[in-house]
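# Per-entry structural report
Here are the chains, one letter per residue:
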Amino acid sequence: MAVKRAGPVAAVAVTGLLDAASWGAWFAGGLSVADAAGAYLLTNTAMSVTFTAFGALVLAHRPRHRIGLLFVAYGACYTVSVACLGLLSGVFALSPGWERAVDLVGITVWIPAPVVCLPLILQLFPDGRPLSPRWRPLAAVTLALPLLAPAVTLRPGGDAGDPTADHSPLLPAAVGRVAAALVPVFVAAAALVLLGSLVALGLRARRSGGAERLQVMWLLWAVVLFVVLNLQRIVTTDGPVLFLLTLPLVPAAATVAIVRHQLYDIRLIVNRSLVYGLLTVGVVGAYLGIVAGLAPLAREWLSASPLVATGVIAVTFAPARSALQSFVDRLMYGRRRDPAEAAARVGARLATGLDGVLNAVCEALRLPYAAVRSDGRLIAACGSPTPAWHVVALEVAEGEKADLLVGLRAGEARLSTVDRRALDLLAAPVGLALQAVRLSERLRESRRHIVAAREEERRRLRRDLHDGLGSALAAVTLKADAAHNLLRSDPDHCGRLLLDLRDDLADAIADIRRLVYDLRPPDLDELGLAGALRQRAQQSWRRDQAGFVVTVDIPDDLPSLPAAVEVAAYRIATEAVTNALRHSRANTCEVSLRADGALHLEIRDNGADASGAWSHGVGLRSMRERAAELGGTLTAGPTNQGGLVHALLPLEGV
C-alpha cells in the first residue's frame, strides 16, 4: 500500500514545489496578486493544485483508476503553464529565443486539460468506462483533438498572448494562414465534444440507479454549478476571471463520489444549492428591478431607490426563502413537511392493497425502501433494501405485532424529526392495509375450511347412504323376492321373512331420520332454538348422566334467527354441553343466549378440572369452524369458576 501511494504523494509534492517557486518568482519580479489574477496565474495555480491533489487522493484509494489519472494529467498541464508564467516573471534572464519558446509552451500546454481531460472525465465517470460501446467513438475523437490545438497558438495576428503576432517573425506565413483556417474547426470540434460529454453524463444519471446514480449526481451537481456561475464567460468568452475558481468543485465532487459518496447526502447539497441559488437570483433580480423601476419617477429620488429596494428585499427575504425551501423540499423529500396531506395520499391508495400503500409511502417521502414485517417475516415490500432502516410500530387490531420498515436515504445516518413525525402519521393507513390483508387471508382460510367441511360432509353422506341405507334397502329387496317365492310352498318361512323385512325397514327409517337430523335437527323447525335446547336439556342430557343438571337461560324477546345461525348455535351448544358432561366432571351447566345485533351464546360449567388450557380436539375445532363459517368467533377455556365457551355469531349478512 505504501508503494502504491508513493506515486500520488510525489505528484502532489512536485506540483506544490513548482507552484510555490513560480509564485516566488512572480513576487520577486515586482508583480502583484492583481497581476497574477489578470495573467491567469491565480486560476491556473488553483487548477494545478486541486486537480493534482484530488487525483492523487483517488489513486491512493483506487490505484490506476482512470478518473484519478485524468485529474493528475489535468493538473500537470496547468502546473507546466504556471511554471512558464514563473519563468516569464522577469526574474530570470532569458534570451529572446528561450523567452519565445517558454511563452509558446505556456499558452499551449494547458489546452489539453479542458479540451481532452475534462470531456473524458465526463464520459468515463464514475467507473472509467464509456456509457456504452456506442460512445467509444466520442472518446476517440476527444483524444484526437490535440492534433488541432496548435492552430490556436500558431495563427497570425490576434491578442498579445499570441506568440506568432509579435514573437515569431520567423514562422512562415503559409503556416499561419493554415492555422488561422483551422481555428474555427478546432473550436467547433471542442464545443461539440464537450456538449456530447455532458449529454453522456446526463444519460448516465438517468439510466443508472442505486449507488452509481448518487455518484453521478455528485459530478453533475458540480458541473451544473460551474456552468451557471460561468455562463457569461461560456457565451461571450469574457467574464469574471475569479469565477473560474469554481472549476475545482468538479474534482472535489468526483473524488467524494468515488471515495466517500455514502458518507454524505448529495440530495441535501443539491437541495441547499437550489434554495440559495434561486434565492440569490431572485434577490439580485428584485433589487435591480426595483431600482430600475423607481429611477424614472423622479431624478431627485434616484438616490433613495437603492434604500427602497433594500427595504423591500429585507421584508420579502424570509417569506421567499421559506417558499423556496418548501418547494425544493417537496421535489427532493416529498411531502414530509405536510404529514396530513401525505397520509391522505397514502390513504387514497388503500384500495390497491398493501403493496400499493407501501409504494405510496415511498413516493410521499421519496424513500428508497419500505416494508411491513410481522412475526419475523416480511409481509410486503417496495423498493430496494438499504443497509440501514428506521422502524415504526404498527397498530393492528388483531394478530401478531407488526412493524413498518423504511430504508434510509443515501448519506443519512438516521431520519430527521420531520420524517419521523410524518411516518408516525403514515403508519395508520399502513396498519389498515395490513389489517385488510390479514382479514383477506382469514377469509380465504375460512373459505378453504368451508369447502373442506362441505366435501367432508358430502363424503360422509355418501358413505352413510351407500354403506348403511343402500345395503339395508338391497337386503330388503332380496328378502322381498325370497318371501314372494316361498309364499305358496313354505308359508311359515315366508312369514318369518316378512317379519325380518319389517325390522330391516324400521332400521332404514331410523337411518334416514338420523341423516335428516344431522343435516338440520327437526326440533329446530318444530320448537325453535330455545325450545330445542330446553327439550334436549330435559331429555337427553339428564338421561345420559344422573345428577347432571343443565339450565337454559333464553330471554322471551329473542328475535327470529336465520336458519344458519340456529343450526350453528344448536350444534355449538350441544357439543359444548357434551364435552362438559364427558370431560370436566361437572354437575351443572348453564346455556344462555342474548342478541344485540349479534347472537351471544355462552355455556358455563362448574367442572373441577378447570386448570390449564384446553386441548384442541375434534369437538373444539368443530365449534370454531361452525362459528367461522358465519363470520363469527369462538373462545373456549377454563376460568376460575369452571369452563366457559363463548360464541359470537353475526346476524346480519347471514
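Note that residues are indexed from 1 along each chain, following the sequence as it is written. Where local features are concerned, this predicted model is filtered to residues with pLDDT of at least 70; where side-chain atom pairs are given and counted, the filter is 80 or more; whole-chain, interface and lining totals use all residues. Based on all heavy atoms of the structure, the side-chain values leave hydrogens and waters out of the count.

We now examine the packing of helix α17 (residues 353-365) against helix α18 (residues 417-485). Interaxial angle, 0 to 180 degrees, is taken between N-to-C directions of lines fitted to C-alpha atoms, where a helix line uses only the stretch in contact. Helical segments are the DSSP runs of H or I of at least four residues, strand segments are the runs of E of at least two, and each set is numbered from the N terminus. Contact pair α17 / α18: the axes reach a minimum separation of 9 Å and the direction vectors enclose 165°. With respect to their mutual orientation, α17 and α18 come out roughly antiparallel. The way α17 lies across α18 gives a crossing that is right-handed. Where α17 approaches α18, its residues Leu354, Val357, Leu358, Val361 and Leu365 are matched on the opposing element by Ala422, Leu423, Leu426, Pro429, Val430, Ala433, Leu434 and Val437. Angle categories are assigned with fixed cut-offs, so that under 35 degrees is roughly parallel, over 145 is roughly antiparallel, 65 to 115 is roughly perpendicular, and the rest are oblique. Note on convention: near helix rotated counterclockwise from far helix by under a right angle means a left-handed crossing. Clockwise means right-handed. Contacts: residue pairs with any heavy atoms within 4.5 Å of one another.

Geometry of aromatic contacts follows a simple scheme: Phe, Tyr and Trp rings, the Trp one being its six-membered ring, pair when their centres are within 6.5 Å, and the pair is stacked under 30 degrees between planes, edge-to-face over 60, tilted otherwise. What the rule picks out here adds up to 4 aromatic pairs. When the centroid spacing of 5.9 Å and the interplanar angle of 70° are considered together, the rings of Phe51 and Phe71 count as edge-to-face. Taken together, the residues Phe51 in helix α3 (residues 41-61) and Phe71 in helix α4 (residues 66-87) connect sequence positions 20 residues apart. You'll find Phe51 and Phe71 in the same group, each marked buried. Residues Tyr74 and Tyr78 carry aromatic rings whose centres are separated by 5.4 Å and whose planes lie at 25° to one another, so their mutual orientation is stacked. Here Tyr74 pairs with Tyr78, and both are found in helix α4, just 4 residues apart, close to one helical turn. Under the scheme applied here, a residue whose accessible area is under 20% of the maximum for its type counts as buried, over 50% as exposed, and between as partly exposed, the area being computed with a 1.4 Å probe on protein chains only. Residue class for Tyr78 comes out buried when judged on its relative accessible area of 7%. Grouped by ring-pair contacts, the aromatic residues Phe51, Phe71, Tyr74 and Tyr78 constitute a single cluster.

One side-chain nitrogen of Lys or Arg within 4 Å of one carboxyl oxygen of Asp or Glu is enough to make a salt bridge. Using the criterion set out here, one finds 5 salt bridges in the structure. Taking the shortest distance from any N to any O, the salt bridge between Arg204 and Asp127 comes out at 3.8 Å. Of this pair, Arg204 sits in helix α10 (residues 173-207) while Asp127 sits in the loop between α6 (112-124) and α7 (136-144), placing them 77 residues apart in sequence. Assessed through its relative accessible area of 3%, Arg204 is described here as buried. Of the residues examined, Asp127 reaches a relative accessible area of 32% and is grouped as partly exposed. In this structure, Glu602 and Arg604 form a salt bridge, with 3.5 Å as the shortest nitrogen-oxygen distance. What makes Glu602 partly exposed here is its relative accessible area of 21%. Overall, the relative accessible area of 35% leaves Arg604 in the partly exposed class. The structure contains a network of salt bridges with shared partners spanning Asp127, Arg129 and Arg204.

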